[in-house]
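Residues per chain, in single letters:
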Amino acid sequence: MVAYEQSSPVLQRDVKNNSSETGAARVSTPSPLGVDIHLATLGYQDTIILEDLRLTLHPGRITCLLGPSGVGKTSILKSLAGFLPLSKGSRIECSDGKPLAGRISYMDQNDLTLPWASVLDNLVIAARLSGKKPDFDRARHLLETVGLAGKEALLPSQLSGGMKQRVALARTLMDDNPLVLVDEPFSALDAITRHRLQDLTVSLLSTKTVLMITHDPLEALRMGHHIHVLSGDPVRLSDDLNLTTPVPRDPTGPDITACYNDILALLNTARTEELS
Ligand SMILES: Nc1ncnc2c1ncn2[C@@H]1O[C@H](COP(=O)(O)OP(=O)(O)OP(=O)(O)O)[C@@H](O)[C@H]1O
């Protein structure tokens, strides 16, 4: 049995700026963002799907949410992204004291590419729409980083599922927002492509704070620093399964095998509650 550690609010932490000296010039990059979330209630019209949910997103870490279908995982993401209004008594607080709005990227299994725009244009569309000068050099560099050099002029329909997800990843990096919400991004991909994209995502989002929904315990265990299972009605959040080994983890590693059984047990309990 693994030990579960209750999260401590990020706001109590002393989060300092990452900075480094390069010759005479001091280069400063923004610190990863921590986010403390308290949802007093969350629901639709007169249906409440969860009450009193507290979740901490640790700076520069990947937090994974697992749980049965319909339990409310996507609704939590929607509330963070501002698509669902926050109820009275709810709060979302960032470690830098600034509002979260406008600092979120969203990546999901429906890669969300524009079908009529080229791969390159899909990366600069946000800049175009907001009246900014598109940074084509950066877009090309990011496409190269995700292994899509030479595919800039193709339309999304000319790409495989894995390539489309790499476009989505490049676009997430193009946005350069500190919080990335990831909703089952690899569920439609074959096992090998999924494995490679998990590795690539972990490596390229290493400076971001990530909240990822997945149905796959193994995916959570490969990629997640913090893992929670949602269950019950109204929904409860399991204690934080806090894994300290580096990501991405070897799927055959001993820590994964031990934790896999614990997560399955939590999911089985959630499923039994759902059926009873
Ligand atoms: N727009 C909506 N209006 C009313 N109810 C909704 C709406 N969207 C979702 N729900 C309900 O809210 C509950 C939670 O849905 P949600 O999509 O958040 O679950 P989920 O855990 O992400 O499911 P899945 O794993 O299948 O994607 C479900 O009972 C769903 O029917």
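Residues numbered from 1 in each chain as written. Predicted model: local features only at pLDDT ≥ 70, side-chain atom pairs only at ≥ 80, totals over all residues. Heavy atoms only, no water.

### Some thoughts on unusual backbone geometry
Residue P248 follows V247 across a cis peptide bond; omega there is -5°. Relative to the helices and strands, P248 resides in the loop between β12 (241-242) and α7 (254-275). One non-glycine residue with positive phi stands out, namely D52, at about 50°. Relative to the elements of secondary structure, D52 occurs in strand β4 (residues 47-57). At E184, a residue that is not glycine, the phi angle is positive and equals roughly 45°. Mapped onto the elements, E184 comes out in the loop between β8 (179-183) and α5 (191-204). (Helix = DSSP H or I, 4+ residues; strand = E, 2+ residues; numbered from the N terminus.)

### Describing the environment of L211
Position of L211 among the secondary structure elements: in strand β9 (residues 209-213). A relative accessible area of 0% places L211 in the buried class. The sequence separation of L211 and V182 amounts to 29 residues, and the corresponding C-alpha distance is 6.1 Å. L211 has contacts with L55, L57, T63, L65, L77, L80, V180, L181 and V182, leaving out every residue within four places of it along the chain. (Buried < 20%, exposed > 50% of the residue type's maximum accessible area, 1.4 Å probe, protein only. Contact = heavy atoms within 4.5 Å.)

### Section: the confidence of the model for the protein
Counting all residues, the mean pLDDT for the protein is 86, and 88% of those residues have values of 70 or more. In this model, residues 1-27 is a region of pLDDT below 50 whose contacts with residues beyond four sequence positions or in other chains number 54 contacts. (pLDDT = per-residue confidence, 0-100.)

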